[in-house]
Amino acid sequence: LQGRYAGGAEMSTEEMLAAAPDDVEVTVLRPDGPPSSLDGFDRVVVGATEQLSAPLTAALRASEPILWLRSPQPSTLRPLFEAARLLIWPSRTCAEWHPWWDGPYEVCPAPMDPDCVFPAPKEPFALWAGRNHPQKGRVEARMWAHARGIPLTELTDAPRGQVLEVMSRATWFVHLPQGIVDPCPRTLIEAELAGCEVVTNRLAGRVEVAGQGPDVVREHIRQVPATFWGWVRDR
């Protein structure tokens, strides 16, 4: 995207790197770097494939990488998947979007501060919050609310703190993506933590413990960094 927008995947990368154990040294490699840049590492983690150069993609197969993928992947990457020592999806829904791959995998949502939002006394309104883009389902959220006679609050380009405060009071959070798959949106995890009733569709992945209550989701998210880095060290 143009400008300085950083979405959930970019945020989760920074947060996961910041949570690396003290005895783990992390080096960040450029996706267009030479194959020799992979030399000398105990583990190689691929955080995204979209910008990988062809030579680096080929070289990655020899390094038996851990694939930590947070977006839909093309079937042309099957050789890389076959060479990986571990594949991590953000949700089981995301894994199911890839019928060309039936190998083993683990599930790990985005890391985040699990105490970023708590439920407040709920009020009878729904919240839609996101970029003002057709893919984010703003019109569809309006239609859903109108059909049920539910007041809808819409927030776009709003400070995150404001969004979370309103989310804490909303009874419903509506996210109906259109034309894209949304593997496990950070905003849906936040809505779970806020105790909202989440309204979404089959294009959006959900955290494993979705619908089990804010406390269960909070503890699940709290364990995400330790789970991820445990896989990196042990596989």
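Look above for the structure.
So, how was this worked out
- Residues numbered from 1 in each chain as written.
- Predicted model: local features only at pLDDT ≥ 70, side-chain atom pairs only at ≥ 80, totals over all residues.
- Heavy atoms only, no water.
- Pairing = 2+ DSSP bridges.
- Helix = DSSP H or I, 4+ residues; strand = E, 2+ residues; numbered from the N terminus.
- Axes fitted to C-alpha atoms, helices over the stretch in contact; angles between N-to-C directions.
- Contact = heavy atoms within 4.5 Å.
- Buried < 20%, exposed > 50% of the residue type's maximum accessible area, 1.4 Å probe, protein only.
- Right-handed = clockwise from strand over helix to strand, strands pointing away.
- Salt bridge = Lys/Arg side-chain N within 4 Å of Asp/Glu carboxyl O.
- Polar contact = N/O pair within 3.5 Å; in protein donor to acceptor, adjacent residues only side chain to side chain.

Undergrad: Would you mind going over the sheet that holds strand E8 (residues 197-199) with me for this structure?
TA: Across a sheet, strands are paired by hydrogen bonds formed along the backbone, either parallel or antiparallel in direction. One open sheet holds the four strands; their spatial order is E6-E5-E7-E8, and the pairing between them is parallel. Each of the sheet's edge strands pairs with one partner strand only, and the pair in question is strand E6 (152-155) and E8. Ignoring which end each strand starts from, the neighbouring axes of this sheet average 25° apart. Looking at chain direction, strand E5 (residues 123-129) and E6 are connected through four bridges and run parallel. Pairing of alanine 126 across the sheet is with leucine 152, part of E6. Across the face of the sheet, helix H5 (residues 138-148) comes into contact with E5, E6, strand E7 (170-174) and E8 while running at roughly 165° to E6.

Undergrad: I would appreciate a short explanation of helix H6 (residues 160-169) in the present structure.
TA: In an α-helix, one turn spans 3.6 residues, which is why side chains three or four residues apart end up on the same side. Within H6, the full set of buried residues consists of Val163, Leu164, Val166, Met167 and Ser168. Those residues of H6 that are buried are in contact with E5, E6, E7 and helix H7 (186-193).

Undergrad: Sorry if this is basic, but what is going on with the pairing of E5 here?
TA: Taken residue by residue, a regular strand's side chains alternate between the two faces of the sheet. With five of seven residues buried, E5 is to be regarded as a mostly interior element. The sheet contact formed by E5 and E7 spans three bridges and is parallel. When the bridges of E7 are listed, alanine 126 appears paired with tryptophan 172. Handedness of the β-α-β unit built from E5, H5 and E6 comes out right-handed.

Undergrad: I would appreciate a short explanation of the sheet that holds strand E2 (residues 66-68) in the present structure.
TA: One open sheet accounts for four strands, arranged E1-E2-E3-E4; its pairing is parallel. Every interior strand has two partners, whereas the edge strands, strand E1 (45-46) and strand E4 (106-107), have only one.

Undergrad: Explanation requested: the pairing of E7 in the structure shown.
TA: In terms of burial, E7 is a largely internal element, four of the five residues being buried. Relative to E8, E7 is paired through three bridges, and the arrangement is parallel. Along E8, the bridge assignment pairs phenylalanine 173 with valine 198.

Undergrad: I would appreciate a short explanation of the pattern of salt bridges in the present structure.
TA: It is possible for side chains bearing opposite charge to pair when their charged atoms get close. Enumeration over the complete set of coordinates arrives at 16 salt bridges. For glutamate 15, the salt bridge identified is with arginine 186, shortest N-O distance 2.8 Å. Here glutamate 15 is found in helix H1 (residues 8-18), whereas its partner arginine 186 is found in helix H7, with 171 residues between them in sequence. Look at glutamate 15 and you get partly exposed, because its relative accessible area is 29%. A salt bridge links arginine 235 to glutamate 106; its shortest N-O distance comes to 2.7 Å. Linking arginine 235 in the segment after helix H9 (224-234) with glutamate 106 in strand E4, this pair joins segments that are 129 residues apart in sequence. When its relative accessible area of 34% is taken as the criterion, arginine 235 is described as partly exposed.

Undergrad: What is the right way to read the environment of glycine 149 from this model?
TA: Within the secondary structure layout, glycine 149 lies in the loop between H5 and E6. Note on glycine 149: relative accessible area 63%, which makes it exposed. Along the backbone, glycine 149 and threonine 57 are 92 residues apart, and their C-alpha atoms lie at a distance of 51 Å.

Undergrad: Just checking my understanding: could you explain the side chain of histidine 175 for this structure?
TA: Along the chain, histidine 175 turns up in the loop between E7 and H7. Look at histidine 175 and you get buried, because its relative accessible area is 4%. Within the local environment of histidine 175, its side chain forms a polar contact with the side chain of aspartate 182, the two groups lying 3.0 Å apart. With sequence-adjacent residues up to four places away left out, histidine 175 is seen in contact with Lys136, Asp182, Pro185, Leu188, Val199, Thr200, Asn201 and Ala204.

Undergrad: Where do I start with the environment of glutamate 123 in this structure?
TA: As for its placement among the helices and strands, glutamate 123 is situated in strand E5. Taking the C-alpha atoms as reference, glutamate 123 lies 5.9 Å from threonine 171; in sequence the two are 48 residues apart. For glutamate 123, the residues in contact, after removing those within four places along its chain, are Arg169, Ala170 and Thr171.

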